Amino acid sequence: MGGGPMRPSNKPRFLIAHRGGVVDSERSENSFKALEEAIRRGYTHVEIDARITADGHVICFHNADLIEEAGIEGRISEMSCKAITQVVLTRSGENIPTFEQYCSRCAGRIGVMIDLKGCRSEFVVSYAEKIRLSLEAHGLLEEGM
């Protein structure tokens, strides 16, 4: 018994791009350039980092602060959505996207896996609701992870 060749599984296989796509020296985490490269390379899903701003909006950003990805001082949880979405990412030269904008780009092209980042207690319900509504609006909820 045993020792024979393994049979391929009929289970679906997922190839998930971490931190918003293919990240390298020219593509910042959670940037549209990283997302587009993941789609081009045939990834089935992209992991999106979701953070909430001081004024209760959901944006796509991994770290709690801006130093590593934008080279400036500032914490996501202490800034408005308007201020954050004007920040330019060092590697890709793009602005930080809102969760809604990112979902819009994924719609019909790639599945999503959401990495929920820290959230102040007063925003937990609205944070979850805004994420759900964006996923639903773009047809990403049913197949999301």
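Residues numbered from 1 in each chain as written. Predicted model: local features only at pLDDT ≥ 70, side-chain atom pairs only at ≥ 80, totals over all residues. Heavy atoms only, no water.

Asker: Would you mind going over the nonpolar core in detail, with residue names and values included?
Answerer: One finds Val46, Ile48, Phe99 and Cys106 to be the most contacted residues of the largest nonpolar core, which totals 23 residues. Within the residue set of this core, elements represented by two or more residues are helix H1 (32-40), strand S2 (45-52), strand S3 (58-60), helix H4 (99-106), strand S4 (111-116) and helix H5 (124-137). Look past the residues within four positions of Val46 in its chain and what remains in contact with it is Ile16, Ala17, Gly20, Gly21, Leu35, Tyr102, Cys106, Ile110, Gly111, Val112 and Met113. The next biggest cluster of nonpolar side chains, apart from the first, holds 11 residues, and it includes Ile76, Cys81, Leu89 and Ile96. (Core = buried A, V, L, I, M, F, W, Y, C linked by side-chain atoms within 4.5 Å. Buried < 20%, exposed > 50% of the residue type's maximum accessible area, 1.4 Å probe, protein only. Helix = DSSP H or I, 4+ residues; strand = E, 2+ residues; numbered from the N terminus. Contact = heavy atoms within 4.5 Å.)

Asker: Can you tell me about the pattern of salt bridges, naming the residues and giving the values?
Answerer: Scanning the entire structure with this criterion turns up 13 salt bridges. Linking Asp24 and Arg27 is a salt bridge whose minimum nitrogen-to-oxygen distance equals 2.3 Å. For the salt bridge of Glu37 with Arg40, the shortest nitrogen-to-oxygen distance reads 2.7 Å. With Glu37 and Arg40 both in helix H1 and three residues apart, this pair spans about one turn of that helix. Taking relative accessible area as the criterion, Glu37 reaches 8% and is therefore assigned buried. Residues joined in a network through salt bridges with shared partners are Asp24, Arg27, Glu37, Arg40 and Arg41. (Salt bridge = Lys/Arg side-chain N within 4 Å of Asp/Glu carboxyl O.)

Asker: Break down a nonpolar patch on the surface for me, citing the residues and quoting the values.
Answerer: There is a patch of nonpolar side chains on the surface, built from Phe14, Ile16 and Met145 and spanning about 260 Å² of accessible area. Relative to the helices and strands, Met145 is located in the segment after H5. In this structure Met145 comes out as partly exposed when scored by relative accessible area, which is 37%. (Patch = residues over 30% accessible without salt bridge, like charges linked within 9 Å, V, L, I, M, F, W, Y side chains within 5 Å. Areas by Shrake-Rupley, 256 points an atom, 1.4 Å probe, with all protein chains shown as cover.)

Asker: Requested: an account of the packing of H4 against H5, with residues and values cited.
Answerer: The contact between H4 and H5 brings their axes to 9 Å, and the two run at 25°. Here H4 lies roughly parallel to H5, going by the angle between them. For the crossing formed where H4 meets H5, the hand is right-handed. The segment H4 lies against H5, with Phe99, Glu100 and Cys103 engaging Ile131, Ser134 and Leu135. For the contact of H4 with H5, a count of residues per class yields four nonpolar, one polar and one charged. (Axes fitted to C-alpha atoms, helices over the stretch in contact; angles between N-to-C directions. Parallel < 35°, antiparallel > 145°, perpendicular 65-115°, else oblique. Left-handed = near helix turned anticlockwise from the far one by under 90°. Nonpolar A, V, L, I, M, F, W, Y, C, P; charged D, E, K, R; others polar.)

Asker: Could you give an account of H5, with specific residues and numbers?
Answerer: Taking 1.5 Å of rise per residue, 14 residues should cover 20 Å, and H5 covers 20 Å from first to last C-alpha, within 8% of that figure. Regarding H5, the residues found buried are Tyr127, Ile131, Ser134 and Leu135. Axial view of H5: buried residues confined to an arc of 100°, hence all on one face. Across H5 from its buried face, at more than 90 degrees, point the exposed residues Val125 and Ala137. Residues of H5 that are buried make contact with S2, S3, H4 and S4. Where H5 ends, the next residue or the one after it, Gly139, has phi of about 70°, a positive value. (Expected span 1.5 Å × (residues − 1). Arc of directions from axis to C-beta.)

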